[in-house]
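# Commentary on secondary and tertiary structure
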Amino acid sequence: MSKISIFFFIVIFFCFGYLKAQVIHPDQVGGEYYDVLEMMNPDIDQRLYEHPAILSKFKKDSLTWNPWELDFRNPEENYFSILPIQFGLNYNSEYPRTINDGAVWKGKGLNSSVYFGIQGKKGILEYSLAPLIYYSQNQNYQLATQRGSTNPLNYQFSNGRIDYPQRFGKSSFTEYDWAQSEVRLVYSGFTFGASTSNTVWGPAKYNPILRSNNAAGFPHIEIGTNKPYETSIVDFEFKLLWGSLEESDYFDADKENNYRYLAGGFLAFQPRFIKGLKLGFGRMMYKRFNEFEAIDLLVMAYRYDDADRNPDNPNTGNDDFDQLAALSMEWTFPEQGFEAYMEFGKNDFGGVLGGQEPEHSRAYTLGFSKLLLLKDDKIIKLAYERAVLDRSKAAFLYRRHNIWYQHSYIRQGYTHKGQVIGAGIGPGSSSDVFDFDLFTKNGKLQLFAQRIRFNDDYYFDTFNDQFHHDHEWFLEAMYSRTIDSWLISTSFGLTSRKNMNYIQGNDSNNFILGLSFKKFFDRVKK
């Protein structure tokens, strides 16, 4: 995009009025506010399993708690709106730290991003054009030593089985991404559309196993419910999708394997006779695009058995597709301001979540949050989440399996443009998150702590001691404030990384600074 085009967009945006329009980009405080708003307003349409970045699906015409006075529109209206424009700055002093921020890569040094766009509805047509432009100074830092023929900029602890760069090139760069853009037809509660948005699947807040906002949204078409479909016994939603995953520039030089075909779907429901309980099941499958066949469009319907094989490619066994699946449960108690959730996933899923060894190739997240109501619409939210992606100990004894998000045949793994589509902590890792949020009429104060132990699967395959674990503690304070039509956020964080790249005593402290300005605009009814 030329400089003239960028200037043209910015000038148009600042010539319009004000609106709190409904697109939540990754790494923004709007998502956390919306989670609290749902619990405080239990009579509105509740998301069951899918957490989209485009919020126009959910009617919000009577909110009892909405201190920021966000203007959630009635989705029955035709309209055109200018989306908020947001400018963000981030600084990493020692090494990259970039988790759950979509397409943006926050390398060492200065990083910046600009979000903008338009959104509208005309009859059954709904659309959002919500791209971003971002810049990364991408300064050099200590990379892991190259192993074998793996690209020196790629991840070095997987034997070339994942496209997961340590550094995106050797110089600064600017990128454009379609981000939260989509066009869809919506009729009688169902939808068909094309999208690149960062939709999150499952109840996990920080490390969803199957689909998160850690990577850029991948281009896909989808069909399913547009919002939870209500019946007298159960509310449900489902979605089927077909998409394309792209390799980064830092994996290999083979242009024939740059793309992977992906198919996925989920089904979730909420029984009317058990208040607040939500159950869901999601599944993703991907293969090399240069091996795609027309029958693969139906793979979600017929491929379940571990023994299924591709007769035309016997060398792959049943690995011409990699399969991931997860079962989830979320239980909310709005009157008490409490929710608890779990997600149980299987790597190399072959149709059985349990069996004789349910721990084989498993991953899980467990979490809860509690709201404490104060005076003047103030709310404290306390949250904790544990995510575990490393192998069970039985796997090290006698029955091994692929590390989560890596693959022996589809060697780019479960990634898009070099970032993991699932949990942002990465393959074989575990995490604990502690989160304190104070919401007030004018903003939010957040105190955040996270512990990550990186790729224990590699660690236990390589070391026979307790002295080389690569692990990190992250502490951050963030303050956001609304001022008229602006939302201004600032943050300061510190990471303490120990034994980086599994080198004992290779420690580093990384200071992280953040600042963002978000401007809201008016909607024009059509």
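Structure first, text after, so check above.
Everything in this summary refers to the structure shown in the same document.

Calculation criteria
Residues numbered from 1 in each chain as written. Predicted model: local features only at pLDDT ≥ 70, side-chain atom pairs only at ≥ 80, totals over all residues. Heavy atoms only, no water. Helix = DSSP H or I, 4+ residues; strand = E, 2+ residues; numbered from the N terminus. Buried < 20%, exposed > 50% of the residue type's maximum accessible area, 1.4 Å probe, protein only. Contact = heavy atoms within 4.5 Å. Areas by Shrake-Rupley, 256 points an atom, 1.4 Å probe, with all protein chains shown as cover. Expected span 1.5 Å × (residues − 1). Phe/Tyr/Trp six-rings, centres within 6.5 Å; stacked < 30°, edge-to-face > 60°. Pairing = 2+ DSSP bridges. Salt bridge = Lys/Arg side-chain N within 4 Å of Asp/Glu carboxyl O.

This part covers the overall build of the protein. Of regular secondary structure, the protein possesses five helices and 28 strands. Looking at the protein residue by residue over its 526 residues, the buried ones come to 58%. Put simply, of all contacts in the protein between residues at least 6 apart along the chain, 67% involve residues at least 24 apart. As presented, the protein carries roughly 22200 Å² of accessible surface, and 58% of it is formed by carbon and sulfur atoms.

Here helix α2 (residues 29-40) contains twelve residues, and its C-alpha end-to-end distance of 17 Å stays within 8% of the 16 Å for a straight helix at 1.5 Å per residue. With nine of its twelve residues buried, α2 lies for the most part within the structure. Where α2 is concerned, the buried positions are Val29, Gly30, Tyr33, Tyr34, Val36, Leu37, Glu38, Met39 and Met40.

The relative placement of two aromatic rings is captured by the distance of their centres and the angle of their planes. In this structure the tally under the stated criterion is 37 aromatic pairs. The interplanar angle of 75° and the centroid separation of 5.6 Å between the aromatic rings of Trp404 and Tyr405 together place this pair among those described as edge-to-face. For Trp404, a relative accessible area of 0% translates into the label buried. Ring geometry for Tyr458 and Tyr502: centres 4.8 Å apart, planes at 55°, overall tilted. With Tyr458 in helix α5 (residues 456-462) and Tyr502 in the loop between β26 (486-498) and β27 (508-519), this pair connects stretches of sequence that are 44 residues apart. For the pair formed by Tyr458 and Tyr502, the shared burial category is buried. Ring-pair connections join several aromatic residues into one group, and the members of that group are Tyr155, Phe157, Tyr164, Tyr458, Tyr459, Phe460, Phe463 and Tyr502.

Take the environment of Asp252 next. For Asp252, the location among the structural elements is in the loop between β14 (234-246) and β15 (259-271). By relative accessible area, Asp252 is classed as partly exposed at 30%. Separated by 160 residues in sequence, Asp252 and Gln412 have C-alpha atoms that sit 9.4 Å apart. Excluding residues that lie within four positions of it along the chain, Asp252 makes contacts with Glu247 and Asn257.

With respect to the helices and strands, Leu327 occurs in strand β17 (residues 322-333). The class for Leu327 is partly exposed, based on a relative accessible area of 40%. A C-alpha to C-alpha distance of 9.9 Å links Leu327 and Leu267, two positions 60 residues apart in sequence.

Glancing now at the pairing of strand β12 (residues 220-225). Regular strands place their side chains on alternate faces of the sheet. Of the pairings in the sheet, the one linking strand β10 (residues 190-195) to β12 comprises six bridges and is antiparallel in character. Across the sheet, residue Ser195 finds its bridge partner in β12, namely His220. Both β12 and β14 contribute to a ladder of five bridges, which runs antiparallel. Opposite Glu222, over in β14, you have Leu241 as the bridge partner.

Inspection of the entire model under this criterion finds 22 salt bridges. With a closest N to O distance of 3.9 Å, Arg288 and Glu291 form a salt bridge. Since its relative accessible area comes to 24%, Arg288 is described here as partly exposed. Two residues, Asp437 and Lys444, come together in a salt bridge whose shortest N-O distance is 3.2 Å. For Asp437, a relative accessible area of 2% translates into the label buried. The buried category is assigned to Lys444, whose relative accessible area is 1%. If you follow the salt bridges from partner to partner, you end up with Glu50, Glu182, Arg184, Glu222 and Lys239 in one network.

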